[in-house]
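An overview of the molecular structure
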Amino acid sequence: MRTLLPVLLFCATLPVLAQTPSPTDDQSYTLKTQSNVVLVPTTVQTKHGEMIYELKPEQFVVEDNGVSQTVHVDEDTDSLGLSLVVVVQCSRAAGYEYPKLGGLGAMIDGIAGDAPREVAIVTYGSAPLLLGKFSNSVDAMARALAQLEPCDDPEASTLDAVAYATRLLEARQNHYRHAILLISETRDHGSTAKPAEVVAALGRTNTVVDSVAFGPGKTEVMSDLKYGGGSGPIGLLVMAVNALKKNAAHELAALSGGEYINFTTQRGFDEGLHQLSNHVHNYYLLSFQPHAEANGEPASGMHRIRVRIPDYPDARVRFRESYFAGELDSTAANVN
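Under the annotation held in an unreviewed UniProt entry, the protein carries the name VWFA-related protein and is attributed to Tunturiibacter gelidiferens.

**Quick word on the sheet that holds strand E1 (residues 38-45)**
Taken together, 4 strands build an open sheet; the order of strands is E4-E11-E1-E13 and the sheet is antiparallel. Single-partner strands in this sheet number two, and they are strand E4 (72-73) and strand E13 (316-319). Note that E1 and E13 share 4 bridges and pair antiparallel. Following the sheet pairing, threonine 42 is matched in E13 by phenylalanine 319.

**Section: the sheet that holds strand E3 (residues 67-68)**
Pairing within the open sheet is antiparallel, and its 4 strands lie in the order E3-E2-E12-E14. Sheet topology places E3 and strand E14 (322-325) at the edges, where each strand pairs with a single neighbour. Here strand E2 (residues 61-64) pairs with strand E12 (residues 301-308) via 4 bridges, running antiparallel. Paired with valine 62 across the two strands is valine 307, which belongs to E12.

**Looking at the state of the cysteines**
A full pass over the atoms with the stated rule returns 1 disulfide. Put simply, cysteine 90 and cysteine 151 are joined by a disulfide, and their sulfur atoms are 2.0 Å apart. Taking the sign of the S-S torsion, about 80° here, the bridge from cysteine 90 to cysteine 151 comes out right-handed. On the criterion of sequence distance, the pair formed by cysteine 90 in the loop between strand E5 (82-89) and helix H1 (104-112) and cysteine 151 in the loop between helix H2 (138-145) and helix H3 (158-170) is long-range, its members being 61 residues apart. We classify cysteine 90 as buried; its relative accessible area is 1%.

**Some thoughts on the pairing of E5**
In terms of burial, E5 is largely enclosed, as 8 of its 8 residues are buried. Burial along E5 is two-sided: the residues Leu82, Leu84, Val86 and Val88 and Ser83, Val85, Val87 and Gln89 are all buried. With 8 bridges connecting them, E5 and strand E6 (residues 117-124) associate as parallel partners. Each residue of the ladder has a partner; that of valine 88, found in E6, is threonine 123. Of the crossover connections in this fold, the one passing from E5 over H1 to the parallel E6 is right-handed. As paired elements, E5 and strand E8 (residues 177-185) share 7 bridges and run parallel to each other. Of the residues in E8, the one forming a bridge with valine 88 is isoleucine 183.

**Looking at the environment of alanine 140**
Along the polypeptide, alanine 140 turns up in helix H2. Overall, alanine 140 belongs to the partly exposed group, its relative accessible area being 22%. Taking C-alpha positions, alanine 140 is 9.2 Å from valine 119, a pair spaced 21 residues apart along the chain.

**Some points on the nonpolar core**
Ranked by internal contacts, the top residues of the largest apolar core, which has 33 residues, are Leu84, Ile108, Ile121 and Val212. Considering every element that reaches this core, the biggest residue donor is H1, with 5 residues. In this structure, Ala156, Ala161, Val198 and Ala253 belong to the second largest nonpolar core, which totals 32 residues.

Calculation rules
Position numbers for residues count from 1 along each chain, tracking the sequence in the order it is written. Local features in a predicted model are, by the rule used here, given only for residues with pLDDT of at least 70; side-chain atom pairs are given and counted only at 80 or more, and totals for whole chains, interfaces and linings are based on all residues. As a rule here, side-chain values cover all heavy atoms of the structure and leave hydrogens and water aside. Strands pair, by our definition, only if DSSP identifies at least two bridges between them. Numbering of helices and strands runs from the N terminus; a helix is a DSSP stretch of H or I covering at least four residues, while a strand is a stretch of E covering at least two. By convention in this document, the label disulfide applies to cysteine sulfur atom pairs within 2.5 Å. Each residue is placed in one exposure class: buried if its accessible area under a 1.4 Å probe, protein chains only, is under 20% of its type's maximum, exposed if it is over 50%, and partly exposed if it falls in between. By convention a crossover is right-handed if, when the strands point away from the viewer, the path from the first strand over the helix to the second runs clockwise. By convention a nonpolar core is built from buried Ala, Val, Leu, Ile, Met, Phe, Trp, Tyr and Cys residues, the set being connected through side-chain atoms within 4.5 Å.

Written out as C-alpha cells, the structure reads:
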C-alpha cells in the first residue's frame, strides 16, 4: 500500500528563482481530486512499532474540527502517480552533511516505487533554485542531483523554498499526488514568505512534506510540538505559525501528514531514510469531503483533523493534522 510522498529540502547558492516548468498533459491519472476533498495520509502501528495492515474504511474515525466525517480509503494507491519535489538546503551547516547524501538518488527511486512519477530537484540558501524540472527520467534526476553542492550563504530560507516547491506542484495538470521531500536544518533563517500563507498553500494543494533534518538544534525536537491551546480557525493558525518558528522542518511534516526524521551521523541518515521509505509504502490514503456550509464550501480557516481507530485503542496513529479552507483574509495572512 502506498500513498502520498514527501519532498526533500536543500539550500541553494544563488538568490535566483527559476521559471516554473510548464505543465504537461500527456500523462494519465486516476486520482480525481477536487478543491473540497481533503487527503489524509495515515500510518497505523502497534505500540511496539509494527505496521497494522488491511484496516477497513469503517474502522477509521476521522474528525474535522470535532465533527465525524464519511471516510474513503484508496484501495490501489500503487496506481496513483506522484509529483515529487526534492528540496535540499545548501547553506550554513548543510555543507557538513553533503557527504552523507550519496545514496539520495536510490532513496528517491525507492520512495516512488512502481508508481508513475515525476521528480523536480530544488536547492536553496537565501532563495530557491530549480536544478531539474519535473521529469520521469532517472538520468535527468541523476544529472540534477549531481549539481547539488554546498553554498556560501548565511541564510536558510526554508519557508520560501517550500512555498516555491508548492507553487511548482500547484502548476501541474496531471492530478498526481503532491509531495515534498525536505532535507534541511530544523529552523528557518531569512524567509520572506508569510508562514500562514505557506500553511494555507500546503492545505489547498494537498501537499505532504516529509522532512529529514540535521543540526543545529537536534535536541529541539519534541514529540508534543502541537498547536497548544489555540481554538477556532485563527487560534489554530497562530499555534501552527508559532510551531513553525520553533522547528520549521518538524511542523511542516506534522501539518501535512508527513514523516519527520532528525539525524547527526551517516548511520542515522541511512536508518532515517529506511524508516521514511518504510512508512511511505505503508500509508493508508484516507480522504473525505468536508461538510459544506450554505455556500457549498467548508468553513473558511484552519481546520484540525483527528484520526482514531476504536478497534485499536493503543495504536500509534500518525496523520495529517490540519488543512486550510478558503482564502486567507488580511487578518489571517498577517499572523506571525
